[in-house]
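Here is how the chains run, residue by residue.
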Amino acid sequence: MVQFQMNSGAGGGGEHIHMVTLDKTGKKSFGICIVRGEVKDSPNTKTTGIFIKGIVPDSPAHLCAKLKVGDRILSLNGKDVRNATEQAVIDLIKDADFKIELEIQTFDKSDEGNKQNDPRSNGYMQAKNKFNQEPTSGNTSTAAMARQPTMRNEPKRSNATFSASQKVKHVPTAHVDEDDEDTRDMTGRIRTEAGYEIDRASAGNCKLNKQEKDRNKEQEDEFGYTMAKINKRYNMMKDLRRIELQRTGNMPLGLALAGHKDRQKMACFVAGVDPNGLLAGVDMKPGDEIVELNGNVLKNRCHLNATAVFKNVEGEKLVMITSRRKPNDEGMCVKPIKKFPASTDETKFIFDQFPKARSVQVRKEGFLGIMVIYGKHVEVGNGIFVSDLREGSNAEAAGIKVGDMLLAINQDVTLDSNYDEATGLIKRAEGVVTMILLTLKSEESLKAEKEVEEKKKEEVKKEEEKPQDPSVAEIKPNKKIIIEVKVEKKPLGVIVCGGKNNHVTTGCVITHIYPEGVFATDNRLKIFDHICDINGRPVHCESLTTLKVHQLFHSTYDKNVNFTVYRADPPELEKINVDFMKKSGKELGLSLSPNERGCTISDIIQGQYPEIDSRLQRGDIITKLNGDALEGLTFQVCYALFKGATGKISMEVTRPKPTLRTEAPK
């Protein structure tokens, strides 16, 4: 608990209660740091409550000019907080919207008029400007932190001050060059030569004297850092290091932070480094103190505030300044963390499901600038959609459009979320928010595209309906096509299945094409093509014998022959298995013709094996022999396989099974 002490004097004093309204629209926060403490009104009485311990520069609290360090908060948005805990008040501030109303009790009202022009009365000031620190001898000294006395004799008046103790290191006094002393104001922020905004108290803004500049040959980075500046700014700290890395996508840093074991001190320590995170490959260990990040000073700041800085930092490059402590040094309040939960990015599947989705990063400065609704789109169905954009907002600048579908916020998927769940994610998101969006087409554009697509289909259909030249007509799947083949008394060179005394009775199907035949030269027909008629005469397999069907393809034709062909996609087939025992030295009695589908049976010698005689026929295709596939093998390889097979023989046979496509003869 922080203690305030009221020193009353002849000048009298008092207290003033007033109302202050803070609006953080467009800002990150209200800009007040609070602590629970007590004020000693007299040696025997004291007042406890919630006090303001710091005010962030350029924040709403700073700009209103009605608050100062040491003010007591009596109520917040109408709720009495005089007896509330510090965490309870923090929760009230977090739950508030963009405005809060504070009832403030200001002590020492009598000297307000003398301090209106004093920048110390409002804002975030350096300790050396606000307090006197008088170190005592030894390793530990008590710093009585009171306002600087003036040279004039003034009456004593009530003065609220902090009292605390800290360890300081004694440094011998030596004559220094006038150029060594840096008397600049270290509050607020400035921009580096590279255009990056940093704290004035950052090492990047440290002033080097002429000798130090001559010795410092290192080029400043975009944040103004050099090791000479870092060592000078933090000359009381041990083993200073500068760590640089590049952030990639949504991969987490894998960094756990912890505070100081002494609750009266504030620091940001590395509690653990995830071996699967971005920081796994850098020189960072548990116990290291992080003093700066990209020009933001983290020294003497709570680790919770440092977490917010990490979340809000912009850009892909991270530059950290750390101090490595010895294992026995006091500091971190927890033991080093060695186990990290397994990180899973649940948004990865989104880009597989929606290839046109895009990732957008938007900095949240009080608000994102988007409004969402739960709706339905003809392309994707139900979901969360952007209904409106705030003009000039970061969301609008990032390219978000009205009508975009919101698929994820950070690593939370919103595909199955309702309105309340989605708005809750948006409200809880802080800093740089990563959203996955899908730009969808309007219903008007979809309707226009559908009309264009229908017109194209009609044009294609009309084009297909136009009569084609049979001599060059292309055989298309699942459609009857008439082709004209130039024969000139040459053999067709084909094996077919079909006939009323055949296993295939519903149509005549090609099962092998000889490379030296007319069909191979024409190069349009394929295995498993269904021949519906020849020269306009239907091939009725249900009424023709197998022999007569074969004769149709072995007759001599004078010039050109017209065939009506149907190519089924996928092919209409059936598979059967034939198992039998092959005796040594006895032939199978099969004549085979290899092709890309397997080995087509071109002839069967009857009486060799009853199993073959009863189940196989001319035109069947053997696709496997004892489990070995035969597709695409040469005649020599197939002959060797069948010749060498003995004992139990297992064959997989593929046979056409076409749909009946010819009308029965009248």
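A separate point is the overall build of the protein. When you go through the protein residue by residue, the secondary structure sums to 14 helices and 35 strands. Scored against the burial criterion, the 666 residues of the protein give a buried share of 41%.

Here we come to the packing of aromatic side chains. Under the definition given, this model contains five aromatic pairs. Seen in terms of ring centroids, Phe98 and Phe367 are 6.3 Å apart; in terms of plane orientation they differ by 90°. Their pairing is edge-to-face. You can see Phe98 sitting in the loop between helix H2 (86-95) and strand E7 (99-107) and its partner Phe367 sitting in the loop between strand E18 (358-363) and strand E19 (370-377), a full 269 residues away along the chain. Centre to centre, the rings of Phe635 and Tyr639 are 6.2 Å apart; their planes meet at 25°, and the pair counts as stacked.

Let us now look at helix H12 (residues 546-554). Buried residues of H12: Thr546, Val549, His550 and Phe553, and no others. One face of H12 carries all of its buried residues, which in axial projection span an arc of 95°. The inward-facing, buried residues of H12 contact strand E25 (494-497), strand E26 (508-513), strand E27 (530-534) and strand E29 (560-566).

Ranked by size, the top nonpolar core spans 25 residues in total, and within it Leu492, Phe519, Leu525, Phe553 and Phe563 carry the most contacts. At the level of elements, strand E24 (480-486), E25, E26, helix H11 (518-522), E27, H12 and E29 are the ones that each hand at least two residues to this core. Setting aside its immediate chain neighbours within four residues, Phe519 contacts Val485, Leu492, Val494, Ile510, Ile513, Arg524, Leu525 and Phe563.

The next subject is the environment of Arg537. Residue position: Arg537 is located in strand E28 (residues 537-538). Separated by 25 residues in the primary sequence, Arg537 and Asn562 place their C-alpha atoms 9.7 Å from one another.

The next thing to look at is the side chain of Ser323. Mapped onto the elements, Ser323 comes out in strand E17 (residues 317-323). Looking at Ser323, its side chain comes within polar contact range of the main-chain oxygen of Lys238, at 2.7 Å. Dropping the residues within four chain positions of it, Ser323 is found in contact with Met237, Lys238, Asp239, Leu240, Asp288 and Glu289.

Of all five residues that make up E27, five are buried, and the element is covered over most of its length. Alignment of E26 against E27, held across two bridges, turns out to be antiparallel. Within E27, the position partnered with Cys508 by the bridge is Ile531. Sheet topology note: the E27/E29 ladder contains four bridges and is antiparallel.

Now for the environment of Ile605. Summarising the element assignment, Ile605 is placed in the loop between strand E32 (598-604) and helix H13 (610-615). C-alpha separation for the pair Ile605 and Leu590, spaced 15 residues apart in sequence, amounts to 6.3 Å. Not counting chain neighbours up to four residues away, the residues in contact with Ile605 comprise Gly589 and Asp613.

What follows covers a negative patch on the surface. A grouping of Glu451, Glu453, Glu454, Glu458 and Glu459 is seen on the molecular surface, where their side chains present a negatively charged patch. Note on placement: Glu459 falls in helix H10 (residues 443-465).

Here we take up the side chain of Arg655. Looking at where Arg655 falls in the secondary structure, it is placed in strand E35 (residues 647-656). Here Arg655 falls in the buried class, since its relative accessible area comes to 5%. Polar side-chain contacts of Arg655 include one of 2.8 Å to the backbone oxygen of Arg615. If we ignore the near neighbours within four places in the chain, the residues touching Arg655 are His503, Val504, Leu573, Glu574, Ile576, Arg615, Leu616, Gln617 and Asp620.

Attention now goes to unusual backbone geometry. Omega for the peptide link from Asp569 to Pro570 comes to 5°, which places this bond in the cis form. Relative to the helices and strands, Pro570 resides in the loop between E29 and strand E30 (573-582). Non-glycine residue Ala65 carries a positive phi angle of around 60°. Within the secondary structure layout, Ala65 lies in the loop between helix H1 (60-63) and strand E5 (72-76). The phi torsion at Asp239 lies on the positive side, around 45°, for a residue other than glycine.

Following the criterion strictly, the structure yields zero disulfides and no others. Counting only cysteine sulfurs, Cys302 is the nearest neighbor of Cys333, a cysteine outside any disulfide, at a range of 9.5 Å. On the basis of relative accessibility, which here comes to 40%, the residue Cys333 falls in the partly exposed class. There is no disulfide at Cys532, and the cysteine sulfur nearest it, in Cys508, is 9.4 Å away.

Attention now moves to the confidence of the model for the protein. With 84% of its residues at a pLDDT of 70 or more, the protein has an overall mean of 80. Within the model, pLDDT remains below 50 along residues 1-13, and this stretch shows 46 contacts once partners closer than five positions in the same chain are excluded. Here residues 109-180 is a poorly scored stretch, pLDDT under 50, and it has 117 contacts once near neighbours within four places are set aside; other chains count.

Judged from the eight bridges that link them, E19 and strand E20 (residues 381-389) form a sheet pairing that is antiparallel. Note that in E20 the partner of Ile370 across the bridge is Leu389. Hairpin connection from E19 to E20: three residues lie between these consecutive antiparallel strands.

Thresholds applied
- Residues numbered from 1 in each chain as written.
- Predicted model: local features only at pLDDT ≥ 70, side-chain atom pairs only at ≥ 80, totals over all residues.
- Heavy atoms only, no water.
- Helix = DSSP H or I, 4+ residues; strand = E, 2+ residues; numbered from the N terminus.
- Buried < 20%, exposed > 50% of the residue type's maximum accessible area, 1.4 Å probe, protein only.
- Phe/Tyr/Trp six-rings, centres within 6.5 Å; stacked < 30°, edge-to-face > 60°.
- Arc of directions from axis to C-beta.
- Contact = heavy atoms within 4.5 Å.
- Core = buried A, V, L, I, M, F, W, Y, C linked by side-chain atoms within 4.5 Å.
- Polar contact = N/O pair within 3.5 Å; in protein donor to acceptor, adjacent residues only side chain to side chain.
- Pairing = 2+ DSSP bridges.
- Patch = residues over 30% accessible without salt bridge, like charges linked within 9 Å, V, L, I, M, F, W, Y side chains within 5 Å.
- Areas by Shrake-Rupley, 256 points an atom, 1.4 Å probe, with all protein chains shown as cover.
- Salt bridge = Lys/Arg side-chain N within 4 Å of Asp/Glu carboxyl O.
- Lys, Arg positive; Asp, Glu negative; His and termini not counted.
- Charge placed at Lys NZ, Arg CZ, Asp CG, Glu CD.
- Disulfide = S-S within 2.5 Å.
- pLDDT = per-residue confidence, 0-100.

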